[in-house]
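A structural walkthrough
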Amino acid sequence: MTPDQIGFAFLYLAVFLLIGKWIRVHVVWLQKLFIPSSIIGGFLALFLGPQVLGKIMENFVGEDSFWTNGIMTENILEVWSALPGLMINVVFATLFLGAAIPGIKRIWNFGGPQLAFGWTIGWGQYVVGILLVLLVLGPFFGVPPIAGALIEVAFEGGHGTAAGMADTFEEMGFAEGYDLAIGLATVGILAGVVTGIVLINWAVRTKKTKVIDDVQGFSELRQKGIMEFENREPAAKMTLRPESIEPLSFHFAIVGLAILVGYLILQFLIWIEAVTFDADFMTYIPLFPLAMIGGIIVQVLFNKLDRADVIDRKMMNRIQGFALDILIVTAIATVSIDVIGEYLIPFLLFAVVGITWNILGLLILAPRIIPSYWFERGIGDLGQSMGVTATGLLLMRVADPDNESPAFEAFGYKQLVYEPFLGGGLVTALSVPLIFQFGAIPFLIFSIVMCLVGLLVGFFYFGKK
């Protein structure tokens, strides 16, 4: 493959991102559902690729025809299939870069209830997923035990984590797990937005909300995904002078350093394991959670050494968002429809069980764990537990448009403790190798214990406040 072919694959990617945004601006029902342009572009690329358009065209042209790949080329698909696994490292490396870490007491008081709730929901996804595999999908459909982690990997972790686990699934003999996880992540985001909006309307009618009396509609520009003129602010701060180094270049270099630190940590752990235990368990661990640890290490060093605060959080957010858009488009565009069709019933059961658990968690557990503004705060965790953090923030913005409740602050503090473990963190990355290595039942027991820890702390400590 030549550099020109790789560059052309990125040009193609840009076209689908732009078309996805154009469709979002002009299709009202997509605006009402707040579907990201990257998902729209990804589905469009999937339909115009070899799995939909290509299969249709096979009936009219020869097998060697260009049209058997749709409007894609094999080189484009080859480049795109590698991008999700690369971009997830950028997404996780930027999680804590430029972020101020508050005191433990404030994190505990504000974020503790939501951490207990999120902890219960996250570990509960492992519990229901593994039980589903052991009791139904394994005996009747031959689904392997490691598939029990799919709900948490796809729903809590989202497209990024699912993409990052591709090599892990393949090395463990269940390459189909990647396609199922990407499909479930897409279902999770769609279900998170739809069920979230429905639940907000229900909560308003039944007086469960404390902030709003009616669902306040967004402006026309907001629904189209365009920032209102009066709300437009700089996307980032110029913390460095461009004549010395372009600020974007500097922040990109910091992200690269964080990923490199994570890579060195992973290689060190692999070496230690090989020398000490003569084992290869650590080789199954993906890089992205270690890239997050690398980001924390780099940020701590800058906190101690940098007096000028040159790392800007907003700039890191832009880099993270850019990487996530690329990841989502390419992950959806290259997912295997054949695999999802082959595992259709297990796929649907995973989706139904995961969505049901999350909704029941909000309606039954959140009021008993979160002592104040339980709905405004819990709806954010519902959105995150079925897709990405942005879904949770969107739903919280609908339920609390003027930030009158502690929902946003508590959610942010909870993320500082939650993200390193669940939702794409170390536990998510280790879950599949651990189930593969030690079996589903030991991990199920551990998950039940962790779920009960969150539940009991939530009920008997935070819930009584």
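Above this text sits the structure in question.
1. Observations concerning the overall build of the chain
Scanning the chain from N- to C-terminus turns up 21 helices and zero strands. Its C-alpha radius of gyration of 22 Å places the chain within 12% of the 23 Å reference for a compact globule of 465 residues. With the principal axes as the frame, the chain shows a C-alpha extent of 70 × 60 × 55 Å. Here the chain, with 465 residues, has 52% of them falling under the buried criterion. Contacts spanning at least 24 positions in sequence make up 78% of the contacts within the chain whose residues lie at least 6 apart. Surface accessibility of the chain: about 21,100 Å² in total, with carbon and sulfur atoms responsible for 67%.

2. A short note on helix H20 (residues 426-438)
The terminal C-alpha atoms of H20, which comprises 13 residues, lie 17 Å apart, in line with the 18 Å expected from a rise of 1.5 Å per residue. Helix geometry: H20 is bent most strongly at Val432, by close to 30 degrees, with proline Pro433 lying one to four residues after it. Buried within H20 are the following residues: Val427, Thr428, Ala429, Ser431, Val432, Pro433 and Ile435. Tucked into the core, H20 has its buried residues touching helix H6 (104-141), helix H7 (150-156), helix H8 (158-164), helix H9 (166-171), helix H13 (288-305) and helix H21 (440-462). Directly beyond the C-terminal end of H20, a positive phi value near 100 degrees is found at Gly439.

3. Overview of the pattern of salt bridges
The final tally for this structure, using the stated rule, is two salt bridges. The partner of Asp338 in a salt bridge is Lys55, with the nearest N and O atoms 3.6 Å apart. Here the residue Asp338 occupies a position in helix H15 (residues 337-342), and Lys55 occupies one in helix H4 (residues 53-57), the gap between them amounting to 283 residues. Residue Asp381 is joined to Lys414 by a salt bridge in which the shortest nitrogen-to-oxygen separation is 2.6 Å. Taken together, the positions of Asp381 in helix H17 (residues 374-385) and Lys414 in helix H19 (residues 407-418) put the pair 33 residues apart, joining distant regions of the chain. Classification of Lys414 as buried rests on a relative accessible area of 1%.

4. Side note on the layout of surface pockets
If you add up the space inside the second largest pocket, you get close to 340 Å³. Gly85, Ala163, Gly164, Ala166 and Asp167 are the residues nearest the centre of the second largest pocket, which is lined by 20 residues in total. Of all elements in the fold, only helix H5 (74-93), H8 and H9 reach the threshold of two or more residues within the lining of the second largest pocket. Here the residues of the lining of the second largest pocket sort into twelve nonpolar, six polar and two charged.

5. Some remarks on the environment of Phe155
Looking at the secondary structure, you find Phe155 in helix H7. Here the alpha-carbon distance between Phe155 and Met386, two residues 231 residues apart in the chain, equals 4.4 Å. Apart from the residues within four sequence positions on either side, Phe155 is in contact with Gln125, Leu150, Leu184, Gly188, Ala351, Gly354, Ile355, Asn358, Gln384, Ser385, Met386 and Gly387.

6. Looking at the packing of aromatic side chains
Counting across every chain of the model gives 17 aromatic pairs. Taking the centre distance of 5.7 Å and the plane angle of 50 degrees together, the rings of Trp123 and Tyr126 count as tilted. A residue pair is termed a helical-turn pair when its members lie 3 or 4 positions apart in one helix, as Trp123 and Tyr126 do in helix H6 at three residues. Exposure class is identical for Trp123 and Tyr126. Each is buried. Measuring from centroid to centroid gives 5.6 Å for Trp374 and Phe375, while their planes differ by 85 degrees, and the two rings are edge-to-face.

7. So, unusual backbone geometry
In this model, Lys207 sits at a positive phi of 65 degrees, which is unusual for a non-glycine residue. Position of Lys207 among the secondary structure elements: in the loop between helix H10 (176-205) and helix H11 (220-223). The phi torsion at Tyr373 lies on the positive side, around 50 degrees, for a residue other than glycine. Among the structural elements, Tyr373 can be located in the loop between helix H16 (344-369) and H17.

8. Digging into the side chain of Ser38
Locating Ser38 in the fold gives a position in helix H3 (residues 37-47). When sequence neighbours within four positions are dropped, the list of residues in contact with Ser38 reads Leu17, Asp325, Ile328 and Val329.

9. Side note on the nonpolar core
Among the nonpolar cores identified, the biggest contains 133 residues, and Trp80, Trp123, Leu150, Phe350 and Ile379 are the most heavily contacted of them. Setting aside anything within four residues of it in sequence, one finds Ile379 in contact with Gly196, Leu199, Ile200, Leu362, Leu395, Met396 and Ala399. Counting residues in hydrophobic clusters, the runner-up holds five residues, among them Leu266, Phe281, Met282 and Ile285.

10. Some remarks on the packing of helix H12 (residues 247-277) against helix H14 (residues 313-333)
Two elements in contact, H12 and H14, have axes separated by 10 Å at closest approach and are oriented at 70 degrees. Taken together, the axes of H12 and H14 lie roughly perpendicular to each other. Residues Pro247, Leu248, His251, Phe252, Ile254 and Val255 of H12 lie in contact with H14, whose contacting residues are Met315, Met316 and Ile319. Split by residue class, the contact of H12 with H14 holds eight nonpolar, one polar and no charged.

Parameters and conventions
Residues numbered from 1 in each chain as written. Predicted model: local features only at pLDDT ≥ 70, side-chain atom pairs only at ≥ 80, totals over all residues. Heavy atoms only, no water. Helix = DSSP H or I, 4+ residues; strand = E, 2+ residues; numbered from the N terminus. Rg over C-alpha atoms; globule rule 2.2 N^0.38 Å. Buried < 20%, exposed > 50% of the residue type's maximum accessible area, 1.4 Å probe, protein only. Contact = heavy atoms within 4.5 Å. Areas by Shrake-Rupley, 256 points an atom, 1.4 Å probe, with all protein chains shown as cover. Expected span 1.5 Å × (residues − 1). Bend = angle between axes of the 7 residues up to and from the residue. Salt bridge = Lys/Arg side-chain N within 4 Å of Asp/Glu carboxyl O. 1 Å grid on protein atoms, 1.4 Å probe; cavity = no way out; pocket = protein on both sides within 12 Å on 5 of 7 lines; lining within 4 Å. Points joined across faces, edges and corners; volume = space filled by probe spheres on them. Nonpolar A, V, L, I, M, F, W, Y, C, P; charged D, E, K, R; others polar. Phe/Tyr/Trp six-rings, centres within 6.5 Å; stacked < 30°, edge-to-face > 60°. Core = buried A, V, L, I, M, F, W, Y, C linked by side-chain atoms within 4.5 Å. Axes fitted to C-alpha atoms, helices over the stretch in contact; angles between N-to-C directions. Parallel < 35°, antiparallel > 145°, perpendicular 65-115°, else oblique.

Purely spatial values, then, with no claim about function.
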